[in-house]
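An overview of the molecular structure
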Amino acid sequence: MKPIQLFDPASGTYTYLLFDETSREALIIDPVDEQLERDLAELRTYGLKLLWTVETHAHADHITSAGQLAEYAGAMTAAPEGSGISTAAVQLKDGDTLPFGREAIKALLTPGHTAGSMCYLWRDHVFTGDTLLINGCGRTDFQSGSAEALYRSITQVLFALPDATTVWPGHDYQGRTHTTIGTEKAGNARIAGKSLAEFTAIMDALHLPRPARIDEAVPANLSSGIRHDAGGGALLEARPAAGYAGDVSPQLAYRWWRSGEAVLIDVRTDAEREWVGFIPDAVPLAWKQWPGMAANAAFDAGLRTAVPSGKKAVLLCRSGVRSIAAAKRATELGLEAYNILEGFEGDPDERAQRGRKGGWRYHGLPWRQG
Ligand SMILES: [Fe+2]
């Protein structure tokens, strides 16, 4: 069994897709944002359920698609604890494992290229990021790099693996795809047979140019590639709106609600909650009521009771239309009120069916049938 190796030509980055053949559960290492569509297509082609996105480090040369894969494929994000990627759901420590089906990868802490860099071991394969490259290694002159630490990581952690272990690097700029621990131990131009002093002298003499995208890429990667100044930013930030505090994604509403910052108000009719599904612990408070969709005279009083002062109100309807009207009314009543974009079911698709184009349910947030 081999990993699927994918390549981003613009940055020379390799992305790896691993999966369990029985359960079809999958894990992706170092995904690139420009390749999001390709990677989603790969998942569809192989019939995979993406469980994890994993970073080897906070990259300086490309932006990760981890945040977007969490959004579109329902993956959990994982990153080395020391990499400063605070948005990653799992902060990996040395020796931690991430399971997918009956398979798992194991994190090996290998500081040097950056202080938090990790390599990942899967069966007899190791994914080395920028720690060990084919006949080379990552640079150590920025981003908390250290030639001394890298020397120790390569010689004591990676070269301690069996010689036959296949090495899958984070980059190659000459079209080479993989190597082995034995090959690199014997012939890597930078480190094979070199003392620490010799290796440090080689690294000090490199004088490489600054990566073109470092100022953009590193800050973006520290938040899983979700850029607050770009389209993807809507996911984790409220968007101001006229007449109420703003629009929020179902995921952000869920986060605010679970952390106690906000009260979640379901403004759909009682009938909709019963037929379509409801969110346990959300406050049921119809904006209009079936039959006839007459305005609910008890709405204002219900809202005042439900939302204590100092808390936000996040309002949910079927697809984000009634909840705007309700959010405007809540604002008139003095509340900090937000509309949840996409609502419970999302917009109808081309066959007029809901539930496939966004919404609370689509994003895998908790709900139940009555
Ligand atoms: Fe790097």
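Preceding this paragraph is the structure being described.
Source: prediction; values computed, not measured.

Here we come to the overall build of the chain. Scanning the chain for helices and strands turns up 10 helices and 22 strands. Along the first, second and third principal axes, the C-alpha atoms of the chain reach 80 × 40 × 30 Å. Taking all 370 residues of the chain together, 52% fall into the buried category. The contacts of the chain with a sequence gap of at least 6 include a subset with a gap of at least 24, amounting to 60%. Surface exposure of the chain reaches about 16300 Å², of which carbon and sulfur atoms provide 53%. Between the centroid of the 37 positive side chains of the chain and the centroid of its 45 negative side chains there is a distance of 5 Å.

Attention now goes to the coordination of the iron ion. For the iron ion, the full set of protein donor atoms is His57 (NE2), His113 (NE2) and Asp130 (OD), and the range of their distances to it is 2.0 to 2.3 Å. Each donor residue of the iron ion lies on one chain, and together they are spaced H-x55-H-x16-D. Of this pair, His113 sits in the loop between strand 8 (103-109) and strand 9 (118-122) while Asp130 sits in the loop between strand 10 (125-129) and strand 11 (132-133); the two residues are 17 residues apart in sequence, bridging distant segments of the chain.

Ile265, Val267, Phe299, Leu303, Val307 and Leu315 are the most contacted members of the largest nonpolar core, which has 19 residues in total. Those elements giving two or more residues to this core turn out to be strand 17 (262-266), helix 9 (299-306), strand 21 (312-316) and helix 10 (322-332).

A word on unusual backbone geometry. With a phi angle near 55°, Asp30 is a residue other than glycine that sits in the positive phi range. Note on placement: Asp30 falls in the loop between strand 3 (25-29) and helix 1 (36-46). For Asp30, a relative accessible area of 3% translates into the label buried. Within the chain, Met293 stands out as a residue other than glycine whose phi angle is a positive 50°. Relative to the helices and strands, Met293 resides in the loop between strand 19 (288-289) and strand 20 (294-295). Given a relative accessible area of 30%, Met293 falls into the partly exposed group.

Here we come to the sheet that holds strand 7 (residues 97-100). A sheet is described by the order of its strands in space; here 6 strands give the open sequence 7-8-9-10-13-14, paired in mixed fashion. In the strand order of this sheet, the two ends are held by strand 7 and strand 14 (179-180), each with one partner. As paired strands, strand 8 and strand 9 are joined by 4 bridges and run antiparallel to one another. The partner of Lys106 across the bridge, within strand 9, is Leu121.

Time to look at the pairing of strand 4 (residues 49-54). Bridge count between strand 3 and strand 4: 5 bridges; the pairing is parallel. Counted as the bridge partner of Ile29 is Val54 from strand 4. A crossover links strand 4 with its parallel partner strand 5 (residues 76-80), the connecting element being helix 2 (residues 66-73), and its sense is right-handed.

Direction vectors running N to C along helix 3 (residues 147-158) and helix 5 (residues 196-204) enclose 125°, while the axes themselves pass 9 Å from each other. In terms of axis orientation, helix 3 runs oblique to helix 5. Viewed along their axes, helix 3 and helix 5 form a crossing whose handedness is right-handed. Contact residues: Ala147, Glu148, Leu150 and Tyr151 in helix 3; Leu196, Phe199, Thr200 and Met203 in helix 5. Classifying every residue of the contact of helix 3 with helix 5 by side-chain character gives 6 nonpolar, 1 polar and 1 charged.

In the structure shown here, the tally under the stated rule is 12 aromatic pairs. Considering the side-chain rings of Phe19 and Tyr46, the 5.9 Å spacing of their centres and the 40° angle between planes classify their relative orientation as tilted. Taken as a pair, Phe19 in strand 2 (residues 13-19) and Tyr46 in helix 1 lie far apart in primary sequence, 27 residues in all. On the accessibility criterion, Phe19 (13% relative accessible area) is buried. Residue class for Tyr46 comes out partly exposed when judged on its relative accessible area of 33%. Ring centres 5.9 Å apart and planes at 75° place the aromatic pair Tyr254 and Trp360 in the edge-to-face group. Of the two residues, Tyr254 is situated in helix 7 (residues 250-258) and Trp360 in the segment after strand 22 (337-340); the sequence distance between them amounts to 106 residues. Above the ring of Trp256, the side-chain terminus of Lys312 is found at 4.4 Å from the ring centroid. Here the basic side chain of Arg361 rests over the ring of Trp367, its NZ or CZ set 5.2 Å away from the ring centre.

This paragraph deals with the pairing of strand 9. The element strand 9 is extensively covered by neighbouring structure, given that 5 of its 5 residues are classed as buried. Both strand 9 and strand 10 contribute to a ladder of 3 bridges, which runs antiparallel. Paired with Trp122 across the two strands is His125, which belongs to strand 10. Connecting the antiparallel pair strand 9 and strand 10 is a turn made up of 2 residues, with Arg123 showing a positive phi of about 50°.

How each quantity is defined
Residues numbered from 1 in each chain as written. Predicted model: local features only at pLDDT ≥ 70, side-chain atom pairs only at ≥ 80, totals over all residues. Heavy atoms only, no water. Helix = DSSP H or I, 4+ residues; strand = E, 2+ residues; numbered from the N terminus. Buried < 20%, exposed > 50% of the residue type's maximum accessible area, 1.4 Å probe, protein only. Contact = heavy atoms within 4.5 Å. Areas by Shrake-Rupley, 256 points an atom, 1.4 Å probe, with all protein chains shown as cover. Lys, Arg positive; Asp, Glu negative; His and termini not counted. Charge placed at Lys NZ, Arg CZ, Asp CG, Glu CD. Donors = N, O, S within 2.8 Å, 3.2 Å for Na, K, Ca; no water. Core = buried A, V, L, I, M, F, W, Y, C linked by side-chain atoms within 4.5 Å. Pairing = 2+ DSSP bridges. Right-handed = clockwise from strand over helix to strand, strands pointing away. Axes fitted to C-alpha atoms, helices over the stretch in contact; angles between N-to-C directions. Parallel < 35°, antiparallel > 145°, perpendicular 65-115°, else oblique. Left-handed = near helix turned anticlockwise from the far one by under 90°. Nonpolar A, V, L, I, M, F, W, Y, C, P; charged D, E, K, R; others polar. Phe/Tyr/Trp six-rings, centres within 6.5 Å; stacked < 30°, edge-to-face > 60°. Lys NZ or Arg CZ within 6 Å of the ring centre and 35° of its normal.

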